[in-house]
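So you can see what is in the structure, the chains are spelled out below.
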Amino acid sequence: KIYVMLGINELGYDFNQTVDRFQSLVNNLQTLQPNALIFLQANLHITEKKSASSPIYNNENINRFNKEVEKLADSRKIFYLDVNELFDDENGNLSAEYTADESHVLGKYYADWVDWILKHAIITTPEPL
């Protein structure tokens with residue numbers, strides 16, 4: 001299994017080029033590890049306050065990028081995971097209780113993140129190729 005997650009810094013680059021490079025990364029992983037299952041993780045949201053303060057680094061752009069990443073999943077060898085459901089508030093923003101800097105989840109919640117992945121990255125019956 002290979003887990004891939006890029007940070008939101010990539011939002012500052014050309015959107016289409018970033019999506020293309022992500023696709024290239026996935027293709028390279030498949031070439032190097034043809035039997036691996038690849039799990040593409042959604043970028044985490046930021047708090048509402050932080051999102052409102054930037055025209056680039058905001059949840060609208062994070063969601064836009066996440067939708068493109070999700071399209072790369074084929075549900076056979078490449079899967080999409082969106083842990084935002086664990087850390088988001090009711091409005092789809094990173095909940096302030098999980099962060100000190102409005103952008104990153106506090107380390108004390110990494111175990112919860114791992115538990116979430118272990119529950120959601122289970123493949124019981126792969127779809128036929």
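Provided above is the structure to which this section pertains.
Everything numeric in this text was worked out from a predicted model, so none of it was measured. (Residues numbered from 1 in each chain as written. Predicted model: local features only at pLDDT ≥ 70, side-chain atom pairs only at ≥ 80, totals over all residues. Heavy atoms only, no water.)

K.L.:
Give me the lowdown on the environment of valine 26, citing residues and values where you can.
P.N.:
Mapped onto the secondary structure, valine 26 falls in helix H1 (residues 15-32). Put simply, valine 26 and phenylalanine 15 are eleven residues apart on the chain and 17 Å apart in space, counted from C-alpha to C-alpha. When near neighbours in sequence (up to four residues on either side) are disregarded, valine 26 contacts Ile38, Leu40, Leu72 and Ile78. (Helix = DSSP H or I, 4+ residues; strand = E, 2+ residues; numbered from the N terminus. Contact = heavy atoms within 4.5 Å.)

K.L.:
How would you explain the sheet that holds strand S3 (residues 78-81) if you had to name every residue and give the values?
P.N.:
The sheet built from three strands is open, its strands ordered S1-S2-S3 with parallel pairing. A single partner strand is all that each edge strand has here, and the edge strands are strand S1 (2-4) and S3. On average, adjacent strands in this sheet sit at an angle of 25° to one another, irrespective of strand direction. The pairing of S1 with strand S2 (residues 38-41) spans three bridges and is parallel. Within S2, the residue paired with valine 4 across the bridge is leucine 40. The strands touched by H1 are S1, S2 and S3; relative to S2, the strand with the most contacts, the crossing angle is about 160°. Across the sheet, helix H5 (residues 110-120) touches S1, S2 and S3, and the angle it forms with S3 is around 135°. (Pairing = 2+ DSSP bridges. Axes fitted to C-alpha atoms, helices over the stretch in contact; angles between N-to-C directions.)

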